[in-house]
Amino acid sequence: MDRNNYTYLHGFILLGFSDHPKLEIVLSGVVTIFYLITLVGNTAIILASLLDSHLHTPMYFFLRNLSFLDLCFTTSIVPQMLVNLWGPDKTISYVGCVIQLYVYMWLGSIECLLLAVMSYDRFTAICKPLHYLVIMNPHLCFKMIFMVWGISFSNSVVLCSLTLNLPRCENNILDHFLCELPAMIKIACVDTTAVEMSVFALGIVIVLTPLILILISYGYIARAVLRMKSKAGQRKAINTCGSHLTVVSIFYGAIIYLYLRPGNSASKDQGKFLTLFYTIITPSLNPLIYTLRNKDMKDALKKLVRVNYRATKMWKNWKS
């Protein structure tokens, strides 16, 4: 049988945490809880920022995109992961694995670039407040989002296509809980140096370049905040930027350690847990980080809760 046909017919086996059966039970519960938090938290942010006219600003436009991205990101991973954790079947179809690989890489790249765009938005708001709405006009915001999604899609197509074209010699066992690029490269039965160099080069562009731009933006922001005479203005700027900077630190810290470290500097279990952290836990933390430090968002969420309560009450009265 042709080797490519073998993989197509049999799909892939995701080992995940199968060598720790008791851990799988605990992880299934933890993943389910954090997934529900991600769904509820990010959906609430999207609805609250849409329904409250005070939040129809560039900052919350990008925050809605981040929340939508987190919803898609976790949903592309968690359902299949829970199926594999709950039962003895650890397989994923070839088509399902390919889709997950492309989507995972696409959405992960988007988050790197989107965080850089959000830092530019904060730079403009704090360093050029009088021209903020002129610079960050709706046309520019939509254009930036379109570019982020387009560049990330191109990156995903290039890297994933290179990886999938590697011969695997009927090896369809992935030592991971999802179809991830490094795990797919590891099962190739040829020299993968060229592909690994391509992944590293594009990783520099997609990961480190946005990070450098973020750091430059926050350098200017820090200087502007220190020059502010109003303590209230300083506190507001710090609270607004602090949320974004916290998300950047968590996300980029995990990504850089996982993908841009020397090949054998961490065990395979460390890699799995780190991937679990930034794909499952981080998206659930983002809503908490942005709402706990943001008075406007907390007020909008309170309004959303009141609207939902009234709608539920009216529905019950109508039924009775």
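Residues numbered from 1 in each chain as written. Predicted model: local features only at pLDDT ≥ 70, side-chain atom pairs only at ≥ 80, totals over all residues. Heavy atoms only, no water.

Selection criterion: UniProt positions are given in the numbering used here, feature names are shortened, and annotations may be inferred rather than shown by experiment.
In the annotation of an unreviewed UniProt entry, the protein chain is listed under the name Olfactory receptor and assigned to Chrysochloris asiatica. Its UniProt record gives the protein chain the following Sequence similarities (unreviewed entry) comment, quoted word for word: "Belongs to the G-protein coupled receptor 1 family." On record in UniProt, under Subcellular location (unreviewed entry), the comment for the protein chain is "Cell membrane".

**Let's talk about the layout of surface pockets**
Using a probe with the size of a water molecule, rolled over the atoms, empty space left in the structure can be pinpointed. Defined as follows: With a 1 Å grid spanning the protein atoms alone, the term cavity applies to any set of points in which a 1.4 Å probe fits but cannot get out, the term pocket to an open set with protein on both sides within 12 Å along at least five of seven lines, and the term lining residue to any residue with an atom within 4 Å of a point. Grid points are joined across faces, edges and corners, and a volume is the space filled by probe spheres set on the points. The secondary structure listing takes helices from DSSP runs of H or I that are at least 4 residues long and strands from runs of E that are at least 2 residues long, numbered from the N terminus.
Its volume calculated, the second largest pocket comes out at about 550 Å³. For the second largest pocket, the lining is made up of 21 residues, of which Met59, Arg122, Lys236, Thr240 and Asp296 are closest to its centre. Counting residues per element, the ones that place at least two in the lining of the second largest pocket are helix 3 (58-75), helix 5 (94-127), helix 10 (231-259) and helix 12 (295-319). Ranked by residue count, the leading element in the lining of the second largest pocket is helix 10, at six residues.

**A word on the nonpolar core**
This is how the line gets drawn: Residues belong to a common nonpolar core when they are buried Ala, Val, Leu, Ile, Met, Phe, Trp, Tyr or Cys residues joined through side-chain atoms within 4.5 Å. Three labels apply to residues, based on accessible area from a 1.4 Å probe with only protein chains included: buried if under 20% of the type maximum, exposed if over 50%, partly exposed otherwise in between.
In this structure, Phe62, Leu114, Leu115, Tyr252 and Tyr278 are the most contacted members of the largest nonpolar core, which totals 66 residues. The leading source of residues in this core is helix 5, at 13 residues. Listed in part, the 21 residues of the second largest apolar core include Leu14, Tyr94, Leu166 and Leu174.

**Describing the pattern of salt bridges**
Cut-off, in case you're wondering: When a carboxyl oxygen of Asp or Glu lies within 4 Å of a side-chain nitrogen of Lys or Arg, that pair is called a salt bridge.
Taken as a whole and judged by the stated rule, the model has three salt bridges. Two residues, Arg122 and Asp121, come together in a salt bridge whose shortest N-O distance is 2.9 Å. In this structure Arg122 comes out as buried when scored by relative accessible area, which is 9%. Two residues, Asp175 and Lys272, come together in a salt bridge whose shortest N-O distance is 2.8 Å. Note that Asp175 is positioned in the loop between strand 3 (173-174) and helix 8 (181-186) and Lys272 in helix 11 (residues 268-292), a separation of 97 residues in sequence. You can call Asp175 partly exposed: its relative accessible area is 31%.

**Details of empty space enclosed by the protein**
Operational definition: In the scheme used here, Gly and all other residues not listed as nonpolar or charged are polar, with Ala, Val, Leu, Ile, Met, Phe, Trp, Tyr, Cys and Pro taken as nonpolar and Asp, Glu, Lys and Arg as charged.
Under the defined criterion, the tally for this structure stands at two cavities of 30 Å³ or more. By volume, the largest cavity amounts to about 80 Å³. In terms of lining, the largest cavity is formed by Met59, Leu63, Met118, Asp121, Arg122, Thr240, His244 and Tyr290. Elements with a contribution of two residues or more to the lining of the largest cavity: helix 3, helix 5 and helix 10. Tallying contributions element by element places helix 5 first for the lining of the largest cavity, with three residues. Of the residues contributing to the lining of the largest cavity, the split by class is four nonpolar, two polar and two charged. Space inside the second largest cavity adds up to approximately 60 Å³. The wall of the second largest cavity is formed by Leu14, Leu15, Gly16, Phe17, Glu24, Met81, Asn84, Leu85, Lys90 and Phe177. Of all the elements, helix 4 (residues 78-86) adds the most residues to the lining of the second largest cavity, at three residues. Classifying every residue of the lining of the second largest cavity gives six nonpolar, two polar and two charged.

**Considerations on the environment of Leu164**
As a reminder of what qualifies: Any two residues whose heavy atoms approach within 4.5 Å at even a single point are treated as in contact.
Within the secondary structure, Leu164 sits in helix 7 (residues 138-164). Classification of Leu164 as buried rests on a relative accessible area of 14%. Note: C-alpha distance between Leu164 and Leu181 (17 residues apart in sequence) is 9.2 Å. Leaving out residues up to four positions away in the same chain, Leu164 has contacts with Val98, Leu101, Tyr102 and Met184.

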